[in-house]
Amino acid sequence: MANFSTHLNVAALASGVTSAALLSANHIELNTALWLWFLGTIGGLLPDIDSDNSTSLDIIFNLFTICIVLLSIRYFTSDAIDERQFLLLIGLPVVIHLFMKFGIRNVFEWQTIHRGICHSLLFLLFCGLLTTNITCFILSDDVKSWDHIAWLSGAFVFAGGIVHLLLDEIYSVDLANVRIKRSFGSALKLTDFSNLPLSAVFIIASGILFWFAPPIESTISALSDWRFFKLW
């Protein structure tokens, strides 16, 4: 199994090259390229969220908590801050942090095992669709091409996760002794067939997220045109 540093560096390299290619092809702007680079790198750490003592788990849950706090503040507050909203700004981050740390995280650690559902294409599909919907919610009022950016955001998270799973499978092959380790095949799989109820939950959740996601046709059409691709 590849270590944290390998997953981080390879995911950063792959997402950086891909976002730079999209920028060169005039499909995205520089700010969007940096955003996609960040998401692809985080996606490269995502499958190890099922390891109770991993650095990836701490980083991803902390980032997820920060995102929820920012979205909540954006939703529950207005431009004119009164006394009630001031107290909300102080108390809301604390409540969300405690809920995520001692609630959601404990349940997640209880329900998952390392190289279980989180090391599967189904989980990555769910994470990609969730990212698409969240990005859509954030940008829908501010950016004209929000559907394009939303789908790219979800795609980079999904692709970053694929890089992680491929690395784990590659490291399962011992080229020095020309043998395959016992862990081979446990990282890259469709879903965790040993936990069918949890797999069913993710299938249903992914279907709901796809239903509420923005139209994807315009994004596919835009990405199919690479006439403006430049190497300089």
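Whatever comes next refers back to the structure up there.
My aim in this report is to walk through the structure given alongside it, one point at a time.

### A closer look at the packing of aromatic side chains
Any pair of aromatic rings gets described here by the distance separating the centres and the angle formed by the planes. One pass over the structure, following the stated rule, counts four aromatic pairs. Judged by centre distance (5.7 Å) and plane angle (80°), the ring pair of phenylalanine 123 and phenylalanine 202 falls under edge-to-face. In this pair, phenylalanine 123 sits in helix H5 (residues 121-139) while phenylalanine 202 sits in helix H7 (residues 196-212), placing the two residues 79 residues apart along the sequence. Put simply, the rings of Phe123, Phe126 and Phe202 touch in pairs and so form one group of aromatic residues.

### Things to note about the nonpolar core
The biggest cluster of nonpolar side chains holds 32 residues, and the ones touching the most others in it are Ile49, Phe123 and Phe202. For this core, the element with the highest residue contribution is H5, accounting for six residues. Beyond its immediate stretch of four places on either side in the chain, phenylalanine 123 contacts Leu46, Ile49, Ile117, Cys118 and Phe202.

### Focus on a nonpolar patch on the surface
Together, Leu166, Ile170, Tyr171 and Leu188 make up an exposed nonpolar region whose accessible area comes to about 350 Å². Structurally, the position occupied by tyrosine 171 is in the loop between helix H6 (146-170) and strand S1 (173-174).

### Some details on the environment of aspartate 58
Along the chain, aspartate 58 falls in helix H3 (residues 55-76). Judged by its relative accessible area of 32%, aspartate 58 is partly exposed. Linking aspartate 58 and arginine 105, residues 47 residues apart in sequence, is a C-alpha distance of 9.8 Å.

### Here we look at the side chain of aspartate 168
Counting through the fold element by element, aspartate 168 comes out in helix H6. Polar contacts involving the side chain of aspartate 168 include one to the side chain of histidine 7, which spans 3.1 Å.

Here is what the cut-offs are and how they apply
Residue positions within a chain follow its written sequence, with the count starting from 1. In keeping with the predicted nature of the model, local features appear solely for residues at pLDDT of at least 70, side-chain atom pairs appear and are counted solely at 80 or more, and the whole-chain, interface and lining totals rest on all residues. The basis for every side-chain value is the complete set of non-hydrogen atoms in the structure, without hydrogens or water. Put simply, two rings from Phe, Tyr or Trp (the six-membered ring, in Trp's case) pair if the centres are within 6.5 Å, and we call them stacked under 30 degrees between planes, edge-to-face over 60, tilted for the rest. Starting at the N terminus, helices and strands are each numbered in turn, a helix being any DSSP run of H or I of at least four residues and a strand any DSSP run of E of at least two. Buried residues of nine kinds, namely Ala, Val, Leu, Ile, Met, Phe, Trp, Tyr and Cys, make up a nonpolar core once their side-chain atoms join them within 4.5 Å. Each residue is placed in one exposure class: buried if its accessible area under a 1.4 Å probe, protein chains only, is under 20% of its type's maximum, exposed if it is over 50%, and partly exposed if it falls in between. In this analysis, two residues are considered to be in contact whenever any of their non-hydrogen atoms come within 4.5 Å of each other. Each patch is assembled from residues with relative accessible area greater than 30% and no salt bridge, linking like charges that lie within 9 Å and nonpolar side chains (Val, Leu, Ile, Met, Phe, Trp, Tyr) that lie within 5 Å. To measure how exposed things are, a 1.4 Å probe is used in the Shrake-Rupley method; for residues, cover is taken only from the protein chains shown. A pairing counts as a salt bridge when a side-chain nitrogen of Lys or Arg comes within 4 Å of a carboxyl oxygen of Asp or Glu. Polar contacts here mean pairs of N or O atoms no more than 3.5 Å apart (in protein, one a potential hydrogen donor and the other a potential acceptor; neighbouring residues in sequence count only if both atoms are side-chain atoms).

So far we have only geometry, and geometry alone does not tell us how the molecule works.
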